[in-house]
Amino acid sequence: MSFQKTPNSNRLHIALFGRRNNGKSSLINALTGQNTALVSDTPGTTTDPVLKAMEIHGIGPCLFIDTPGYDDEGELGKMRITRTLQAIEKTDIALLLCHPDMKEELHWIKILKEKNIPVILLLNKADILHDTEQEAQSIKDKSGQYPLIVSAKTHQGIAEISQAIIRHLPEDFDTQSITGNLVSEGDLVLLVMPQDIQAPKGRLILPQVQTLRELLDRKCPVMSCTTDRLKATLQALSRPPKLIITDSQVFKTVYEQKPAESMLTSFSVLFAAYKGDIEYYTASASAIDKLTEKSHVLIAEACTHAPLSEDIGRVKLPRLLRKKAGEGLQIDIVSGNDFPKDLKKYDLIIQCGACMFNRKYVLSRIAQARLQKIPMTNYGVAIACLNGILDKIEW
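Numbering of residues starts from 1 in every chain and runs along the sequence as written. A pLDDT threshold of at least 70 governs which residues receive local features in this predicted model, and a stricter bar of 80 or more applies before side-chain atom pairs are shown or counted, although totals over entire chains, interfaces and linings include all residues. To get the side-chain values, take all heavy atoms of the structure and skip hydrogens and water.

- The name given to the protein chain in an unreviewed UniProt entry is Hydrogenase maturation GTPase HydF, with Bacteroides salyersiae CL02T12C01 as the source organism.

1. Re the confidence of the model for the protein chain
Okay, so step 1: Residues with a pLDDT of 70 or more make up 91% of the protein chain, whose mean pLDDT is 89.
Okay, so step 2: The predictor attaches a confidence to each residue, and that confidence, scored 0 to 100, is pLDDT. Any two residues having at least one pair of non-hydrogen atoms within 4.5 Å are treated as being in contact. Long-range and interchain partners of residues 37-46, a stretch whose pLDDT sits below 50, account for 23 contacts in this model, where long-range means more than four residues apart.

2. Concerning the nonpolar core
Okay, so step 1: We define the nonpolar core as a collection of buried residues of types Ala, Val, Leu, Ile, Met, Phe, Trp, Tyr and Cys that are connected through side-chain atoms lying within 4.5 Å of one another. Only protein chains enter the accessibility calculation, which uses a 1.4 Å probe; a residue whose area is less than 20% of its type maximum is buried, one above 50% is exposed, and one in between is partly exposed. With 57 residues, the main nonpolar core has Phe-251, Val-297, Ile-299, Leu-321, Leu-343, Ile-349 and Ile-350 as its most contacted residues.
Okay, so step 2: The helix and strand labels rest on DSSP assignments: H or I over at least four residues marks a helix, E over at least two residues marks a strand, and numbering proceeds from the N terminus. Sort the elements by how many residues they give to this core and helix α13 (residues 379-386) lands first, with 6 residues.
Okay, so step 3: Beyond its immediate sequence surroundings of up to four residues, Leu-321 is in contact with Leu-291, Val-297, Ile-299, Gly-326, Leu-329, Ile-331, Ile-350 and Leu-386.

3. Observations concerning the state of the cysteines
Okay, so step 1: Any two cysteine sulfur atoms lying within 2.5 Å of each other are counted as a disulfide. Applying the stated criterion to the full structure yields 0 disulfides.
Okay, so step 2: Cysteine Cys-385 remains unbridged, with the sulfur of Cys-352 as its closest cysteine sulfur at 18 Å.
Okay, so step 3: Under the relative-accessibility criterion, Cys-385 is labelled buried at 17%.

4. Let's talk about helix α4 (residues 132-143)
Okay, so step 1: By this rule, a helix spans an expected 1.5 Å times one less than how many residues it contains. The end-to-end C-alpha distance of α4 is 16 Å, a good match for the 16 Å that 12 residues give at a rise of 1.5 Å each.
Okay, so step 2: The set of residues buried in α4 consists of Ala-136, Ser-138 and Ile-139. Looking straight down α4, one finds its buried side chains confined to an arc of 155°; they lie on one side. Along α4, the residues that are exposed and aim more than 90 degrees away from the buried face are Gln-134 and Asp-141.
Okay, so step 3: Taken together, the buried residues of α4 touch β5 (119-123) and β6 (148-149).
Okay, so step 4: With its phi angle positive at about 85°, Gly-144 sits one or two positions after the end of α4. What the arc covers is the set of directions going from the helix axis to the C-beta atoms.

5. Structural notes on the sheet that holds strand β2 (residues 50-56)
Okay, so step 1: If you walk across this open sheet you meet the 6 strands as β2-β3-β1-β4-β5-β6, and the pairing is mixed. In this open sheet, the two strands that pair with only one neighbour each are β2 and β6.
Okay, so step 2: Strand direction decides the pairing type here: strand β4 (residues 93-97) and β5, joined by 4 bridges, are parallel. Bridge pairing in β5 places Ala-94 opposite Val-119. Whether two strands pair depends on DSSP finding at least two bridges between them.

Written as structure tokens, this is what we have:
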């Protein structure tokens, strides 16, 4: 990944929904100014969501998602519709291409609004429609919302789409901060970053990079070290750091060595607040004390990677959990977009820091857990709880 490129997880996710051959792919090409999506007269050309990272004036980094048609048919069609439904969970703003009869569209508008996703209705192919005003009025009569009249071919209405996106930006757009109110300009921050097998030689992992960049933007002096150099680094500083941010795996070691006046947190805990619901995560951590050998835990990783020795999600965290609850504790592990719909068999869900997911998607998982009354926490919060220091850390 280029150091100048905004990660997709930090971009506004804008998804295009509509029937097959309704011009979604042509429209996304017009919006991005590139041949991002394959265009064809054959229905069902888009078989998987197509992603395109862009910068939009007045908005900033965005990720456009071109989804398969939601009127697809057959067994493959059902699978494609499932992919479209999965895309909804990551969508911040929806562009819905409408047919005047609105037979399919009203159902999908309902799904999107139930997820609190702003919906912008579009009437595409204005260059070949017989009576755009009449068809647009038909859409308004059935949905209560007048659509933007656009044409991917002539670029009619393309600029208006960008303006509509700006009007529908989420309230917290561009206000989320990794370090929140923990630091101010001039505060000294110490980053403790053990470089294990999960951080390949010559690279930092994404949460470390993003946190470091934010601290520099906030004009904070930053010092970094590995765990074995913590004591020497603290001695070399002219004053105690205002905040120490560590890898959760060494929470206990750092806590035992930190100056009393220095606040302590971890990258994973910060991302729990940045990407998810920290209050639900910390409240749910109490479920750890209730785990027994008969309990069932789900560990959810955002990354899809081959298991590594001493992997935190697959090795270290399960080891800590079984040490507390007993070796018989059952643990399931899922990765990437895999996440069970039915969570009722689990006594606890532990989500990773989710640096690869956007906030909308993480919150949709939390909402799913809440609805089924399943406690859900994250790696950093869980490890702090297991080490008995959850009440000593900041977020």
